[in-house]
Amino acid sequence: MAAGRSLNGGALGRREAIAVLVFAAMALLAGLTAAPASGAPGDLRFASCIEDPTGGECNRDFDGLDGVGSLALSPDGRDLYAVSFRRTAAPVGGDSALVHLRRNKRTGRLRPVSCTQDADDVPGGPTCPNTLELLDGPIDVVVSPNGRHVYVLAYLESALLHFKRNRRSGRLTYVRCLDDAGLAPIYDVCPGGVDGMGSPNDMELSRDGRSLYVTSSIDDSIVSFRVNRKSGRLRPLGCLEDADRTLFDDCPDPGIEGLASPSGLVVHPNGRTVYVAAFDDDAVTWFRRNKRTGKLRFASCLKNRGTASDDDCAERASGIPDAGSVGISPDGRFVYVGATNDGAMAEFRVRKDGSLKYKRCVEVPFSPEPCATVAQRLGRSADFAFDPRGRAMFVAGGQGIQPFRRNPRTGELTELPCIDDDEATSTATACQRTSRNLLGTQALLLSPDGRFLYAAATTDDAISVFRHRR
């Protein structure tokens, strides 16, 4: 929220100025400070964008970006990989594609290199030069810490695809796939099968590159894989699923609490804990990780305050109904959970044993959620991004971006002016700043040096580049 003047330079009226001062005082008392002067960590300035050829607002376009929703950067910062999800509901659209973009580390600009689409189910036929079976509905992409391998989740195929990466050119070569063990024979084209991987929707690699974890919204489960860091080959270690699941019970171990419809996960930087946001359980659940084997053991869960259920979660917190995303600060001291449909997020301090202690929640203005502090553009809180020093945090808000300045030691958040899409519907919570191609902002990613923020907008079929003033 601007402090005293509008973006066009005109003075605010007396009532508006009083409202600003009241909000700033309330936010300060609640722990969310007013926005500082420009030049602080977290300030963003639009630099460039690239979009699907159907757009027309960017200076560069490329096939395969229709429905872009997930991003991954190579460790050297030279290559960006994006996946575009095929939407099955009307109107039919989306490219079901894996896109490779070369990144200029000085300017942040993206140059298209190649794209690969699903061989069968792209509406109107593939527009990319390369096609591949089992790429229907790609929903997530990650790059291994050594830069040698790329993994893609195909939601509509219930499959996990492995690509080998040329570290000099960034080009990808398909290697193999793994899919859900419960698929009908006509759809099961990968060798073998993995229990608990129906319609996978998120994945995360451990920092040491030895483990890969996948969540399944259909199976209410988390699946663990052992990674051969040289060959990239994946070996399934088993799965854990929600205790309330009665049909299609795929995982051999007894069910656990707080894992219904998992929709986001993150591995702690020290490799000892894995955190999962569970949409249907309104919960965040954490697991102890064996650093040597990569296997997971259920630790505990924390449920949204006010949600009635039989789940045996030890604690409660506000601000996590329909928990859909989870992020962790670079130092591993704070965890943030986003509420998909309630315009809110919750902040937790990480204890020494990896358990979570609720601190507070933040919500959009006029939200019914009982949070003590507000921020304009939280929206769906679909994704979190942090600068390398933890001094700034960015939240994907559905139709824009909400930046915060962070105190790495205390976790204190300072709301910075949010950015709306320039075609977003004007509301009482609209941002004073606008930018192009932010409708459907689904994923955020900071460059390794923290100088550039990349935003994937599913509705606008575009990736926008912002310069970050550190």
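Residues numbered from 1 in each chain as written. Predicted model: local features only at pLDDT ≥ 70, side-chain atom pairs only at ≥ 80, totals over all residues. Heavy atoms only, no water.

What's the story with the overall build of the protein chain in this structure? I'm lost.
Tallying secondary structure elements over the protein chain gives 1 helix and 35 strands in all. Of the contacts made within the protein chain by residues no fewer than 6 positions apart, 47% connect residues no fewer than 24 positions apart. Working note: accessible area of the protein chain is about 19,100 Å², and carbon and sulfur atoms make up 49% of it. (Helix = DSSP H or I, 4+ residues; strand = E, 2+ residues; numbered from the N terminus. Contact = heavy atoms within 4.5 Å. Areas by Shrake-Rupley, 256 points an atom, 1.4 Å probe, with all protein chains shown as cover.)

I would appreciate a short explanation of the pattern of salt bridges in the present structure.
Pairing between side chains becomes possible if they bear opposite charge and their charged atoms approach one another. On inspection of all chains with the given rule, the structure shows 11 salt bridges. Two residues, Asp-76 and Arg-165, come together in a salt bridge whose shortest N-O distance is 3.7 Å. With a gap of 89 residues between them, Asp-76 in the loop between β4 (68–73) and β5 (79–84) and Arg-165 in strand β11 (residues 159–165) connect regions that are remote in the sequence. The residue Arg-165 makes a salt bridge to Asp-79 at a minimum N-O spacing of 2.7 Å. Of this pair, Arg-165 sits in strand β11 while Asp-79 sits in strand β5, and the two are 86 residues apart along the sequence. What emerges from the salt-bridge pattern is a single network uniting Asp-76, Arg-78, Asp-79, Arg-102 and Arg-165. (Salt bridge = Lys/Arg side-chain N within 4 Å of Asp/Glu carboxyl O.)

What is the right way to read the state of the cysteines from this model?
Put plainly, a disulfide is one covalent bond tying together the sulfur atoms of two cysteines. Tallied over the full model, the rule gives 7 disulfides. Note that Cys-177 is cross-linked by a disulfide to Cys-190, the S-S spacing being 2.0 Å. Residues Cys-177 and Cys-190 share a disulfide whose torsion about the S-S bond is about -120 degrees; that sign makes it left-handed. Of this pair, Cys-177 sits in strand β12 (residues 172–179) while Cys-190 sits in the loop between β12 and β13 (200–205), and the two are 13 residues apart along the sequence. Neither residue differs from the other here; Cys-177 and Cys-190 are each classed as buried. A sulfur-sulfur separation of 2.1 Å characterises the disulfide bridge that pairs Cys-361 with Cys-371. Looking along the S-S bond of the Cys-361-Cys-371 disulfide, the torsion reads about -120 degrees, which is the left-handed sense. Residue Cys-361 is located in strand β25 (residues 356–363), and its partner Cys-371 is located in the loop between β25 and β26 (373–374); the two are separated by 10 residues in the primary sequence. Each member of the pair, Cys-361 as well as Cys-371, is classed as buried. (Disulfide = S-S within 2.5 Å. Buried < 20%, exposed > 50% of the residue type's maximum accessible area, 1.4 Å probe, protein only.)

When you look at the nonpolar core in this model, what are you seeing that I'm missing?
Within soluble globular proteins, side chains that are nonpolar generally end up buried alongside one another. In this structure, Leu-71, Leu-80, Leu-101, Leu-110, Tyr-454 and Ile-463 are the most contacted members of the largest nonpolar core, which totals 21 residues. Going through the elements one at a time, β4, β5, β6 (97–103), β7 (110–118), β33 (441–446), β34 (452–457) and β35 (462–469) are the ones with two or more residues in this core. Leave out the neighbours within four places in its chain, and Leu-110 touches Ile-50, Arg-60, Leu-80, Leu-101, Arg-102, Arg-103, Tyr-454, Ile-463 and Val-465. Counting residues in each nonpolar core, the second largest holds 19 residues, with Val-284, Val-337, Phe-348 and Val-350 among its members. (Core = buried A, V, L, I, M, F, W, Y, C linked by side-chain atoms within 4.5 Å.)

When you look at the side chain of Thr-215 in this model, what are you seeing that I'm missing?
Tracing the chain through its elements places Thr-215 in strand β14 (residues 211–216). On the accessibility criterion, Thr-215 (0% relative accessible area) is buried. A polar atom in the side chain of Thr-215 sits 2.7 Å from the side chain of Asn-201. If sequence neighbours within four positions are ignored, Thr-215 has contacts with Pro-200, Asn-201, Asp-202, Ser-221, Ile-222, Pro-262, Leu-265 and Val-276. (Polar contact = N/O pair within 3.5 Å; in protein donor to acceptor, adjacent residues only side chain to side chain.)

Sorry, what's going on with the packing of aromatic side chains here?
Here a ring pair, both rings aromatic, is described through the centre-centre distance and the interplanar angle of the planes. Applying the stated criterion across every chain, the model contains 7 aromatic pairs. Ring centres of Phe-287 and Phe-298 lie 6.2 Å apart, and the angle between their planes is 70 degrees; this geometry places the pair in the edge-to-face category. Within this pair, whereas Phe-287 is found in strand β19 (residues 283–289), its partner Phe-298 is found in strand β20 (residues 296–304), the two being separated by 11 residues in sequence. Judged by its relative accessible area of 0%, Phe-287 falls in the buried class. (Phe/Tyr/Trp six-rings, centres within 6.5 Å; stacked < 30°, edge-to-face > 60°.)

What should I look at first to understand the pairing of strand β22 (residues 323–328) in this one?
Two faces make up the sheet, and in a regular strand the side chains alternate between them. Among the 6 residues of β22, 6 are classified as buried, and the element is accordingly described as predominantly covered. Where β22 and strand β23 (residues 334–339) come together, 5 bridges link them in antiparallel fashion. In the strand pairing of β23, Gly-327 is matched with Tyr-336. Linking two consecutive strands that pair antiparallel, namely β22 and β23, is a turn of 5 residues; a positive phi of about 75 degrees is found at Gly-332 within it. (Pairing = 2+ DSSP bridges.)

Mind showing me how you'd approach the sheet that holds strand β9 (residues 138–143) here?
The strands making up a sheet associate through hydrogen bonds between their backbones, and the pairing can be parallel or antiparallel. Strand order across the open sheet formed by 4 strands is β9-β10-β11-β12, with antiparallel pairing between neighbours. Of all the strands in the sheet, just β9 and β12 have a single pairing partner and so form its edges. Each adjacent strand pair in this sheet contributes to an overall mean axis angle of 20 degrees, direction not counted. Sheet topology note: the strand β10 (residues 149–154)/β11 ladder contains 6 bridges and is antiparallel. Within β11, the position partnered with Tyr-151 by the bridge is His-162. (Axes fitted to C-alpha atoms, helices over the stretch in contact; angles between N-to-C directions.)

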